[in-house]
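Structural overview for review
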Amino acid sequence: MQIFNSRKTEYKSIVSAIAENEKVKLRIIVPRSMRCSCARLAVCKENESMVYYNMFWAGMCTEQYEYWELHFYATTYGLYFYHFELETPWGVSVIKNIGNGIGDFSADGSEFQQTVYDKDFRTPDFLKGGLIYQIFPDRFFNSGQPKTNVPKGRVLRKWGEEPFWSENQMHGKWNNDYFGGDLKGIEQKLPYIKSLGVTCIYLNPIFEAHSNHRYDTADYENIDPLLGSEDDLKSLCKSAEKMGIAVILDGVFSHTGCDSKYFNMYGRYNTVGAYNSKKSPYFSWYKFIDYPDNYKCWWGIKLLPEVCEENETYREYICGENGILHKWMRCGISGWRLDVADELPDVFLDDLRKSVKSENENAVIIGEVWEDTTTKTAYGKRRRYLLGSQLDSVMNYPFADAVLNFIRYGGASNFLNSIMAVVENYPPCALNILMNHIGTHDTARAVTRLAGENSDGCNREWQYAHNVLSENDYKRGTAMLKAASLIQYTLPGVPSLYYGDEAGMQGMKDPFNRACFPWDNINDELLKWYKRLGEIRNGCKAFKDGSFLPVASVHNAAAYARISLENQVLVAVNACEESVEIYVGAQWDNSYNIFKPSSKNGIISLGAYEYALLSK
């Protein structure tokens, strides 16, 4: 008998963040032998004093235990931390979190966390229950449309060749090779994208910049010439909308390129850049230490001078009524993914949200934050990304790590606890649209991360030597990727598929993970699999906003359920090469089995990397 468990509804009626003034029932189960005369909830809002609330005796739980309960609510949003105290003949006993939401008598335990968000916090409906497809524009598809006004010095490559990765290939100009993927190419491939069940396309940066990744913005006001024109973006958005697909853009607002019209280190632009003169209209945007060559830059990369996002003229340029955000939203996009959102200060994020929502209240704002977003600290203070006045959602790295580590290394209980940590702390409206990826332009390809060698800390020469899996490893990786993607598509939030993963693309980190889409060499087995996953997801209401319930974990196999008013779904996955039996309960015996394994007498038998998906 557990004393308290913040992740079970029999102890805590709402296992998630709560809104202001929303009541949550807390219950502890106390041994009668303790002769408890008074139980209290001790709670404090972060950086404020502790407040105590008396609990009431609520009856017996068998002859050996008794219930103590109360309803808690908060009138202002923020992070609250709590524990319980009992008065006994032997003094005060304290119940704290000993890990994974379990409460026990421990003075050394940690406080429980309760996130409280703005009662008016709403997130866009169009993403819920949907599917995101991430595209690195230069490498997806070349329409063949003539490229005009292309800046000098760019190296144009033949489609399908290996991206440049070594110094002797690039001659000092990194990320300067291009393959000609463009916006028209994406539009031409919309039927293919739709066949995957996609409801939203996320594009890596498309604004003019002098690298193939385009995170070194040169001009926020123009599309990069190799990608097309503003009219091409409008056409893409219009055509996608007809297919029920939204388009969101990558917003890179913490830094620009040094080779930009704002900084203009190389004099490429007919402007007075901050590097050219202290009288430049852009001078106050940057953080010079010793003018002009010593300035703060992103992660020490001199090509990426940092912007002072607090600067009023910069905020007006980006977020103002006629600013960059409004300009591109009026082309038909449905929101933004914010690069390094944790490096953007509150004043900028506050202005950005007001700007985006004033143009389209149903537009989405997704931030790149790699940690638990509710407890993230930056700029010397706790951030409030998901409390209602800044972001709608984030890229869900905690889920990605949990899924990939589970499939590669096993550890079912750790996997479920990692998922529950996010479920417990995040507002439901944000949880339901979390961007759930298992591979992006910043990580090795999913199949490589699962079946290849670990590339952490390895240089590009090592990665090049280990970039292609052996035939046996690739076959094993394909099976592992199926299991991982099934989990990805069935967890709370919205799966985000990185272009080409469905085609079986492999590769280590940048630039090997950014190769051209292999249109003439697609892994048909994986493509068929991902299309089936898209059909399943789009046809199941439980994946839109259904609650998440851990069901079982045994060795390296885990099972969980998604439960909504319309239907219930059970997912069971075996993350190892040995067969396993997992008990899920006889209530699943007569369910419809979408894949072959089913429940018999409450038990599901799974082979190596096998999975079950039951629906009722």
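Along each chain, the written sequence defines residue order, and numbers are assigned to residues from 1. The predicted origin of the model limits local features to residues at a pLDDT of at least 70 and limits the giving and counting of side-chain atom pairs to 80 or more, whereas totals for whole chains, interfaces and linings rest on all residues. Side-chain figures throughout are based on the complete set of non-hydrogen atoms in the structure, without hydrogens or water.

1. Here's the deal with the overall build of the protein
- Secondary structure elements follow DSSP: runs of H or I no shorter than four residues count as helices, runs of E no shorter than two count as strands, and numbering proceeds from the N terminus. Scanning the protein from terminus to terminus reveals 15 helices and 35 strands.
- Expressed along its principal axes, the backbone C-alpha trace of the protein runs to roughly 85 × 55 × 45 Å.
- Here the analysis covers contacts within the protein between residues at least 6 apart in sequence; of these, 69% occur between residues at least 24 apart.
- Within the structure as shown, the protein displays about 24,900 Å² of accessible surface, and the carbon and sulfur contribution to it stands at 48%.
- For the purpose of counting charges, residues Lys and Arg are taken to be positive, whereas Asp and Glu are taken to be negative. His and the chain ends are not included. To locate a charge, take NZ of a lysine, CZ of an arginine, CG of an aspartate or CD of a glutamate. Across the protein, the 66 positively charged side chains and the 76 negatively charged ones have centroids separated by 3 Å. Note on contacts: a residue pair qualifies if any of its non-hydrogen atoms lie within 4.5 Å across the two residues. All accessible-area figures derive from a Shrake-Rupley calculation using a 1.4 Å probe, and residue coverage is judged against the displayed protein chains alone.

2. Here we look at the sheet that holds strand β28 (residues 547-554)
- If DSSP finds at least two bridges between two strands, the strands pair. Strand order in the open sheet made by the five strands is β28-β29-β30-β35-β32, with antiparallel pairing throughout. Of all strands in the sheet, those with a lone pairing partner are β28 and β32 (592-593), marking the two edges.
- Examined bridge by bridge, β32 and strand β35 (residues 611-615) share two bridges and lie antiparallel to one another. Looking at the pairing, N593 lines up with L614 of β35.

3. Here's the deal with the side chain of N212
- Inspection of the secondary structure puts N212 in the loop between β16 (207-209) and β17 (217-223).
- Pairs of N or O atoms are called polar contacts if they sit within 3.5 Å, as long as, within protein, a hydrogen donor faces a hydrogen acceptor (for residues adjacent in sequence, only side-chain-to-side-chain pairs). Within the local environment of N212, its side chain forms a polar contact with the backbone oxygen of D177, the two atoms lying 3.0 Å apart.

4. Details of helix α9 (residues 412-425)
- Spanning 14 residues, α9 covers 21 Å between terminal C-alpha atoms, matching the ideal 20 Å at 1.5 Å per step.
- Residues A412, F415, L416, I419, M420, V422, V423, E424 and N425 constitute the buried set of α9.
- Those residues of α9 that are buried lie in contact with β11 (112-117), α8 (397-409), α10 (428-431), α13 (471-490), β28 and β29 (557-563). The span one expects for a helix is its residue count, reduced by one, times 1.5 Å. Exposed residues in this analysis have more than 50% of their type's maximum accessible area, buried residues have under 20%, and partly exposed residues fall in between, with area computed by a 1.4 Å probe over protein chains only.

5. Some details on empty space enclosed by the protein
- Only protein atoms enter the 1 Å grid used here, on which a cavity is any set of points holding a 1.4 Å probe that cannot leave and a pocket is any open set flanked by protein within 12 Å on both sides along at least five of seven lines; residues with an atom within 4 Å of a point are listed as lining. Grid points are joined across faces, edges and corners, and a volume is the space filled by probe spheres set on the points. Tallying each qualifying case throughout the model produces two cavities of 30 Å³ or more.
- Size it by volume and the largest cavity reaches roughly 50 Å³.
- As for the largest cavity, its lining consists of R139, P163, F164, M170, N175, D177, N212, R460, D510, P511 and R514.
- Partitioned by chemical class, the residues of the lining of the largest cavity number four nonpolar, two polar and five charged.
- Roughly 30 Å³ of internal volume is contained in the second largest cavity.
- For the second largest cavity, the full set of lining residues is L79, T115, T373, T374, R383, R384, Y385, L386 and L387. Residue polarity is assigned by list, with Asp, Glu, Lys and Arg as charged and Ala, Val, Leu, Ile, Met, Phe, Trp, Tyr, Cys and Pro as nonpolar; anything else, Gly included, falls into the polar class.

6. Section: the layout of surface pockets
- Computed from the structure, the largest pocket encloses a volume of approximately 1,100 Å³.
- Surrounding the largest pocket, 38 residues form its lining, N175, H213, W298, I301 and L304 being those nearest its centre.
- In the lining of the largest pocket, the residues fall into 13 nonpolar, 10 polar and 15 charged.
- What the second largest pocket holds in volume is close to 750 Å³.
- Taken together, 31 residues make up the lining of the second largest pocket; nearest its centre are R7, V15, M420, F548 and P550.
- Listing elements by their share of the lining of the second largest pocket, those giving two or more residues are α9, α10 and β28.
- When residues of the lining of the second largest pocket are assigned to their parent elements, the largest contribution, seven residues, is made by β28.

7. Concerning the packing of helix α5 (residues 312-319) against helix α7 (residues 346-359)
- Working convention: axes come from line fits to C-alpha atoms, limited for helices to the stretch in contact. Angles between N-to-C directions cover 0 to 180 degrees. Close contact between α5 and α7 brings their axes to 10 Å; oriented N to C, the two are set at 25°. Taken together, the axes of α5 and α7 lie roughly parallel to each other. With respect to the hand of their crossing, α5 and α7 are arranged in right-handed fashion. Within the contact between the two elements, α5 uses Y314, R315, I318 and C319 and α7 uses V347, F348, D351, L352 and S355.
- Split by residue class, the contact of α5 with α7 holds six nonpolar, one polar and two charged. Roughly parallel means an angle under 35 degrees; roughly antiparallel means over 145; roughly perpendicular covers 65 to 115; every other angle is labelled oblique. When the near helix sits turned anticlockwise from the far one by under a right angle, the crossing is termed left-handed; a clockwise turn instead gives a right-handed crossing.

8. Considering the sheet that holds strand β6 (residues 56-61)
- Read across the open sheet, the three strands follow the order β3-β7-β6; overall the sheet is antiparallel. For this open sheet the edge positions go to β3 (24-31) and β6, each flanked by a neighbour on one side alone. Strand-to-strand twist across the sheet, computed as the mean angle between neighbouring axes with direction ignored, equals 30°.
- Here β6 pairs with strand β7 (residues 65-72) via four bridges, running antiparallel. In the sheet register, W57 faces β7, and the bridge partner there is W68.

9. Description of a nonpolar patch on the surface
- A cluster of nonpolar residues, Y266, W299, I301 and L303, forms a patch on the protein surface that exposes about 500 Å² of accessible area.
- Positionally, Y266 belongs in the loop between β18 (246-251) and β19 (288-290).
- Among the residues examined, Y266 registers a relative accessible area of 53% and is labelled exposed. Each patch groups residues whose relative accessible area exceeds 30% and which form no salt bridge, using 9 Å between like charges and 5 Å between nonpolar side chains of Val, Leu, Ile, Met, Phe, Trp and Tyr. In the sections that follow, a salt bridge refers to a side-chain nitrogen of Lys or Arg positioned within 4 Å of a carboxyl oxygen of Asp or Glu.

10. A word on the pattern of salt bridges
- Evaluation of the coordinates by the stated rule reveals 45 salt bridges.
- One salt bridge in this structure joins D182 and K147, with 3.0 Å as the shortest N-O distance. Of the two residues, D182 sits in the loop between β14 (177-178) and α2 (183-188) while K147 sits in the loop between β12 (132-135) and β13 (155-156), which places them 35 residues apart along the sequence.
- Linking D351 and R315 is a salt bridge whose minimum nitrogen-to-oxygen distance equals 2.6 Å. Here R315 lies in helix α5 and D351 lies in helix α7, a separation of 36 residues in the sequence.

11. Some thoughts on the packing of α8 against α9
- It is at 9 Å that the axes of α8 and α9 come closest, and there the two elements cross at 170°. Relative to α9, the element α8 lies roughly antiparallel. Within the contact between the two elements, α8 uses P398, F399, A402, V403 and F406 and α9 uses A412, F415, S418, I419 and V422.

12. Observations regarding α5
- Here α5 has its buried residues at Y314, R315, Y317, I318 and C319. Looking down the long axis of α5, one finds its buried residues gathered within 165° of arc, a one-sided arrangement. Exposed positions of α5 whose direction lies more than 90 degrees from the buried face are E312 and E316.
- Looking at the buried residues of α5, the elements they touch are β17, α6 (324-329) and α7. Note that the arc is computed from the directions linking the helix axis to the C-beta atoms.

The values are spatial; any link to function lies outside them.
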